[in-house]
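Fold and geometry: a report
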Amino acid sequence: MSLKLLVGVVLIYSDYSTIVMNLKLHFWASIQLVLRSVGLVTLFVVNANAQSNTSGYSDVARQRLLIRITAQYLHTISQGQIDMDSAVRIPCKVYGLSPILAYSEGYSDGRPSPGTSLIDAGKIKESKELLTRLKDSARIRLLIELGSYYVFMPGNRKADLDQAAKYIDEAINFSRSAPTQWKIESMTLRAHLLHQSGRADEGQKMFTEIETLCERSGNTLALAQAFLRGGEVLRYGDPIRLSKFEKALSIFKTKHLKEQEIETLSLINIENFVNKRYDVAEALLHKIIKLQTEIKFRQTQYPYDALSWLAYRKGALNNALTFSNKSLASINTRSDSTFIGLFYTRRGLVYERLFKSDEAITWFDKSLKDKKRESRMYWYRSLIGKVGTLNVIGRAKEALPLLKEAETKYPPTSYFEQMHFALLLGITYENLKRLDLAEQNYNIFLIMAEKFPMEYVHDEFPAAFFQIAAFYRKVGNTAKARELLEQGKEFISATDISGKGEYFYNLYKLDSLDGRYLDAIKNLNLRNDFKDSVFSYDQRKKANELLVKYEAEKKDKDIRLLNSQNQLQRIKAEEADRTKNITLAGAASLLIIIGLLLNRYSLKQRSNRQLEANQKELDRKNVYLETLNTEQEKLLKEKEWLIREVHHRVKNNLQMVTSLLNSQSAYLEDDAAVTAVQDSLRRMQAMSLIHQKLYLDENTSQIAMPEYISELVGYLQESFDTDNRINYDLRIEPLYLDVSQAIPLGLIINESIVNAIKYAFLNEHSGLVCINLKREGADYLFLKISDNGIGLPAELDLMQHNSLGLDLMQGLTKQLKGSFTIESLKGVHITVRFPVLVR
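Presented here is an overview of the structure given in this document. (Residues numbered from 1 in each chain as written. Predicted model: local features only at pLDDT ≥ 70, side-chain atom pairs only at ≥ 80, totals over all residues. Heavy atoms only, no water.)

1. A look at the packing of helix α21 (residues 415-431) against helix α23 (residues 460-474)
Running from N to C, α21 and α23 cross one another at 35°; their axes reach a closest spacing of 11 Å. As α21 packs across α23, the resulting crossing turns out to be left-handed. From α21, F416, M419, H420, L423, I427 and E430 reach across to α23, where they touch E460, F461, A464, Q467, I468, F471 and K474. Partitioning the contact of α21 with α23 into residue classes produces 8 nonpolar, 2 polar and 3 charged. (Axes fitted to C-alpha atoms, helices over the stretch in contact; angles between N-to-C directions. Helix = DSSP H or I, 4+ residues; strand = E, 2+ residues; numbered from the N terminus. Left-handed = near helix turned anticlockwise from the far one by under 90°. Contact = heavy atoms within 4.5 Å. Nonpolar A, V, L, I, M, F, W, Y, C, P; charged D, E, K, R; others polar.)

Okay, here's the thing in structure tokens:
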């Protein structure tokens, strides 16, 4: 039991420690082109990011949340293997996002600057050269971005911090004559630098100054960010840390910023875990999942995994398995699956606790299937879990080669890994009866444990100390065993029922060996209080034997006392009579008890055989149903994946054609040809947007028209340089259309808006374009696109006029089986009425 508990707690959800390591993760390589101007750089980076971003989110708020939530999970579950700066870079690389995005919420809307593009490409020298050509806010922004690059570099090398200080100082100097926003950002970066340099008190003083500046300037959002970042750099468990998070949360709630609210709640929950407020943590995890669902944030595997661990810890293993299923079901993309080994490990641990060792090893092996040195963080704990399970089921001979192979090919790197690797070697050698090697490795663990920071200790320590104490008890060194047992007791949390039970069980064993029978009985009873079921018959028998021994010793002492008072002879006679009577009564009682026990045993065996037969039949039926259900789910998922893949490829092919046309237009000298190509590009983009939404959304057959039309209008607005002269009024009912209707409708809207932009507002006049899509009755939809421009020429005959755009709109309306009208009255008004497609 002790070893099973130990294997579980060594591998459970992390203790949220922060041991800084030099884990270096390189930025991905950017596309290398020679760009001549700032405008071209900006345009190119926006397009490049759109192609490399695999997060599935087009908005910067959810992109930032994805980085921060994933980094928090990796940072905490690594238990000291990776610092937060390194953790941030991992999801950025996996999802194709800029690392600077995680720190730029105060000044960036997600569209990268020229400097960001160069920094992300690793072209630091070029970004420094660009800095010499920039002025005003653009210069301050690049100074802050360069400072962020060095401050948040993994580790805390002095060379990096010196470089960061250089750019931060210059940014602060320039910000004195710039808007307050830049002063806040520069000071925030300085506060981070002070913390990274080991000057935490000065860093917190700087954060206090930032808070005062935000309050004075009325910038409540910046104030919330100051609270959040100022609390984040404090050590876990610091009460000021929690206070700052709660202040930030209050502001984010007031402003209805759910992405920031989720991040802040996640940080607050780390404090709940650190302070072992597990019931509060569980409730907060459910709240986080609810908020994530509301904003359509798909990566719910992290809170579900934490819920699985909480249920595992409480012994609610069915709930643990349910939450494990949900965490695995949340992994939908190839990028998400990068971390799947961590969730396979959790599944294996739950099965191990359910005494399904073969299934546990199967899940551990899934995590170990494609193990590589660079991805060790995602599968290493499955290796430890497999070794532990093999020891539990008596297969230590198989466990030892696994440990030796790992020691050679993938040696433990972090202090935590090295410490527990030695512990597992000790357990394995003990089970193989190689006691000298077991003691040697146990001593390595104990030496390392003395130096392990107390604030990072979690449930793994009590089980480890109890395991080693049991070893010394078995080899006869009860004094050493008792010392280790008391050390382990110091680490038991208030809610660790299993740990308390193990402590009293080991104490009972030691007291028995030392002849302290009364204490042994007391500790055995205390151990019973922490168990869900009563002890077995053998255990009760041992307790009775201890009681008899204790009573016998007590009587011997009384006899010696009476001898000293010259009453030995009388007491011996009385004792002989009493012993005779007790023996006869005891023998009779024993015969009766044995008869009753044999009868109960026979009845129980008969009932057990019947129950086993019923259970086997139920198991057989359950296996059949689970297999049938699994196959159906697999086929459904494969179908959905294939549909998404088709839309993805169509979208990619359209973008390829778009790129080819775009390239071709650069070589055209005829303005009419260029215009025709550009019109074609816009039509293709209208279709590409539909296929993009289909492969990103869960619904693979219908398009949400409000979102699609909004994105289409946004694209057309950007593609024409109108200096915001033309405004757009979108009145779109929440409709979902089949792709066969969404594409022609999107092309009609595209043609109408393009014509309005080109011809309705000449001489740079301002104007308004209205788009109205609504239901007309139960069976028809009504689309109207209007502008308040100059209208159609009076002499224009629509029946005789040769126009591709007009012909295209009329043809598309016929495809919709609808009616098309165009009017010129204080502008152009295009109306399309068509029936809703019912499938």
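Structure's up, so let's keep going.
2. A short note on the side chain of Q299
With respect to the helices and strands, the residue Q299 is situated in the loop between α14 (278-294) and α15 (301-314). We classify Q299 as buried; its relative accessible area is 1%. There is a polar contact of 2.7 Å between the side chain of Q299 and the side chain of Y57. One polar contact links Q299 to D336, side chain to side chain, over a distance of 3.2 Å. Setting aside its immediate chain neighbours within four residues, Q299 contacts Y57, L66, Y95, Q292 and D336. (Buried < 20%, exposed > 50% of the residue type's maximum accessible area, 1.4 Å probe, protein only. Polar contact = N/O pair within 3.5 Å; in protein donor to acceptor, adjacent residues only side chain to side chain.)

3. Things to note about helix α26 (residues 517-529)
One turn of the α-helix equals 3.6 residues, which is why residues spaced by three or four share an orientation. The first and last C-alpha atoms of α26 sit 19 Å apart over 13 residues, in line with the 18 Å expected at 1.5 Å per residue. Where α26 is concerned, the buried positions are Y517, A520, I521, N523, L524 and R527. (Expected span 1.5 Å × (residues − 1).)

4. Quick word on the packing of aromatic side chains
Per the stated rule, a full pass over the model turns up 22 aromatic pairs. Where Y103 meets F152, the ring centres are 3.8 Å apart and the plane angle is 0°; that geometry is what we call stacked. On the criterion of sequence distance, the pair formed by Y103 in the loop between α4 (84-95) and α5 (114-120) and F152 in the loop between α7 (136-151) and α8 (158-175) is long-range, its members being 49 residues apart. Measuring from centroid to centroid gives 6.2 Å for F445 and F465, while their planes differ by 70°, and the two rings are edge-to-face. Here F465 lies in helix α23 and F445 lies in helix α22 (residues 435-451), a separation of 20 residues in the sequence. With respect to class, F445 is no different from F465; both count as buried. The side chain of R833 reaches across the aromatic face of Y780, ending 4.1 Å from its centre. (Phe/Tyr/Trp six-rings, centres within 6.5 Å; stacked < 30°, edge-to-face > 60°. Lys NZ or Arg CZ within 6 Å of the ring centre and 35° of its normal.)

5. Quick word on unusual backbone geometry
Phi is positive for K433, which is not a glycine, with a value near 65°. Its location among the elements puts K433 in the loop between α21 and α22. Of note, K817 is a non-glycine position whose phi angle comes to about 60°, a positive value. You can see K817 is positioned in the loop between α32 (804-815) and β6 (819-824). On the basis of relative accessible area, K817 is assigned to the exposed category, the value being 70%.

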